[in-house]
Amino acid sequence: MRLPLVLLSLLLASPVWANVRDFDGTGDYLDGVTAPTITDALTVCAWARTDTEKWERIVGAWGNLNAEQGFELGRQFAVTRVYQFEAENASGTGAIATCTTSPGSDNVWRFVCGQYDGTNLHCWVNGTSEDTTSLTGDIKTTTNINIGTTDDSADTDDWNGEIAFVQLYDRVLTSVEMQEQMFRPGSVPNSLLRFWPIWGVDDPETDLSGNADTLTVVNTTTTANGPAVMMGGAQ
């Protein structure tokens, strides 16, 4: 898939990013419109920063606690609070790839990714794969994507901090592509299902993938403390 030329010129001309959305951990989130079609391959990435020690969700398409399904990228429930990527297939079998990196409450931006290749889940932080765990079968995605929260109103995993440059692919990116999109979000357009820069100024937030899945803004504020990256685009 190729991004429109007008959009590409805008992305390529953009400086180091600044404005992003800040989530307060108690009811701030972004709500997508549609559920993405995921089968046996997936890459989901985001820049995230937190200053709170708690179970938190960055992005995912997940059911409620009594019928969990789909995928989510965030921090684990256990006391170590390390980053993790969790998914469940259409047969109800789930798995979790647990990264060794724990953000604690250091308030540092990190590029966090989850991948599914039809055989394994992988958890990445800052362009390095930190864990792999086995899972097979198609991933179930029956709910729309949320950023900063879960679909379950009884859950308590709202993100406390900032989130930016959320990207979703229906394929496994190579290590080279992972590095490229880490520093130049939007520079790997092939099989891009969703791309939310999360400008912090639009409501709804724009999806630059061309699939028009805009995000409804629920609360949140804007902060000028984004990650030091350059917007990119396919040539």
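Just above sits the structure.
Residues numbered from 1 in each chain as written. Predicted model: local features only at pLDDT ≥ 70, side-chain atom pairs only at ≥ 80, totals over all residues. Heavy atoms only, no water.

Let's talk about the overall build of the chain
Next, step 1: Scanning the chain for helices and strands turns up 2 helices and 15 strands.
Next, step 2: When the 235 residues of the chain are sorted by exposure, 58% land in the buried category.
Next, step 3: The long-range fraction of contacts in the chain, counting pairs at least 24 apart against all pairs at least 6 apart in sequence, stands at 68%.
Next, step 4: Counting every atom, the chain has about 9100 Å² of accessible surface; 51% of that belongs to carbon and sulfur. (Helix = DSSP H or I, 4+ residues; strand = E, 2+ residues; numbered from the N terminus. Buried < 20%, exposed > 50% of the residue type's maximum accessible area, 1.4 Å probe, protein only. Contact = heavy atoms within 4.5 Å. Areas by Shrake-Rupley, 256 points an atom, 1.4 Å probe, with all protein chains shown as cover.)

Quick notes on helix 2 (residues 175-183)
Next, step 1: Considered for burial, the residues of helix 2 that qualify are Glu177, Met178, Gln181 and Met182. Buried residues along helix 2 cover an arc of 140 degrees about the axis, so they all sit on one side.
Next, step 2: If you follow the buried residues of helix 2, they end up packed against strand 3 (42-50), strand 8 (110-116), strand 9 (120-125) and strand 12 (160-169). (Arc of directions from axis to C-beta.)

Here we look at the pairing of strand 7 (residues 94-98)
Next, step 1: Burial along strand 7 is one-sided: Ala95 and Ala97 are buried, and none of Gly94, Ile96 and Thr98, which face the opposite way, are.
Next, step 2: Connecting strand 6 (residues 83-88) to the antiparallel partner strand 7 that follows it, the hairpin turn spans 5 residues, and Gly92 within it adopts a positive phi of roughly 90 degrees. (Pairing = 2+ DSSP bridges.)

Considerations on the environment of Val125
Next, step 1: In this structure, Val125 sits in strand 9.
Next, step 2: Accessibility expressed as a relative area gives 3% for Val125, which makes it buried.
Next, step 3: Remark: the alpha-carbon pair of Val125 and Ser102, spanning 23 residues in sequence, is separated by 9.9 Å.

With respect to the state of the cysteines
Next, step 1: Applying the stated criterion across every chain, the model contains 2 disulfides.
Next, step 2: In this model Cys45 forms its disulfide with Cys113; the gap between the sulfur atoms is 2.1 Å. Where Cys45 bonds to Cys113 through sulfur, the torsion about that S-S bond is close to 120 degrees, and the disulfide is right-handed. Here Cys45, found in strand 3, pairs with Cys113, found in strand 8; they are 68 residues apart in sequence, far enough to count as distant. Grouping residues by exposure puts Cys45 and Cys113 together as buried.
Next, step 3: Note that Cys99 is cross-linked by a disulfide to Cys123, the S-S spacing being 2.1 Å. Between Cys99 and Cys123 the disulfide shows an S-S torsion of about -115 degrees. By sign, it is left-handed. (Disulfide = S-S within 2.5 Å.)

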